[in-house]
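Survey of secondary and tertiary structure
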Amino acid sequence: QVRLVESGGGSVQAGGSLRLSCEASGSILRFNDMAWYRQTPGKQRELVAAILSAGSTDYADSVKGRFTISRDNAKNTVFLQMNSLKSEDTAVYYCAASVLLRKQYDYWGQGTQVTVSS
């Protein structure tokens, strides 16, 4: 059974930074696509950033230039570096992993809360 465990969430003032981590139980080399999503109450979960096994990345327009997704295969971990945070970044952030198809995620973490105060 695959487990994804997020950490690094918390409260920060606008303009600050946080780094989220998503550690997988076992090698992440088996995943073709790993991503971070976020969700706020009453809204659909939205894709924030994704990274393929080959290293290419994709970002939501709202976070381009501020967030960076990366992966450390040796540590079985995917990171999301979030800089210049805004109040609208406040959400629960989820890690997701796909074995085969892009954006068809097989596994999800439990989520970590990020709160940005203005």
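In this report, the structure presented in the accompanying data block is examined.

Conventions we followed
- Residues numbered from 1 in each chain as written.
- Predicted model: local features only at pLDDT ≥ 70, side-chain atom pairs only at ≥ 80, totals over all residues.
- Heavy atoms only, no water.
- Pairing = 2+ DSSP bridges.
- Helix = DSSP H or I, 4+ residues; strand = E, 2+ residues; numbered from the N terminus.
- Axes fitted to C-alpha atoms, helices over the stretch in contact; angles between N-to-C directions.
- Buried < 20%, exposed > 50% of the residue type's maximum accessible area, 1.4 Å probe, protein only.
- Lys, Arg positive; Asp, Glu negative; His and termini not counted.
- Salt bridge = Lys/Arg side-chain N within 4 Å of Asp/Glu carboxyl O.
- Contact = heavy atoms within 4.5 Å.

A few words now on the sheet that holds strand β3 (residues 18–24). Strand order in the open sheet formed by four strands is β1-β3-β8-β7, with antiparallel pairing between adjacent strands. Both edges of this open sheet fall to β1 (4–7) and β7 (67–72), since each of them pairs with a single strand only. Each strand axis lies, on average, 15 degrees off the axis of its neighbour in the sheet, ignoring direction. As defined by bridge partners, β1 adjoins β3 across four bridges and the pair is classed as antiparallel. Bridged to Val-5 within β3 is Glu-23.

Before going further, it helps to examine the pairing of β7. Side chains Phe-67, Ile-69 and Arg-71 project from β7 onto a buried face, and the interleaved Thr-68, Ser-70 and Asp-72 project onto a face without burial. In this structure, β7 lies alongside strand β8 (residues 77–82), joined through six bridges in antiparallel fashion. Residue pairing for β8: Ile-69 is matched across the bridge by Leu-80. Hairpin connection of β7 to β8: four residues between the antiparallel strands, including Asn-76 at a positive phi of 55 degrees.

The next point concerns the side chain of Asp-33. Along the chain, Asp-33 turns up in strand β4 (residues 33–39). Of the side chains with opposite charge, Arg-102 lies nearest to the buried Asp-33, which makes no salt bridge, at 4.4 Å. Beyond its immediate stretch of four places on either side in the chain, Asp-33 contacts Ala-50, Ile-51, Leu-52, Ala-96, Ala-97, Ser-98, Arg-102, Lys-103 and Tyr-105.

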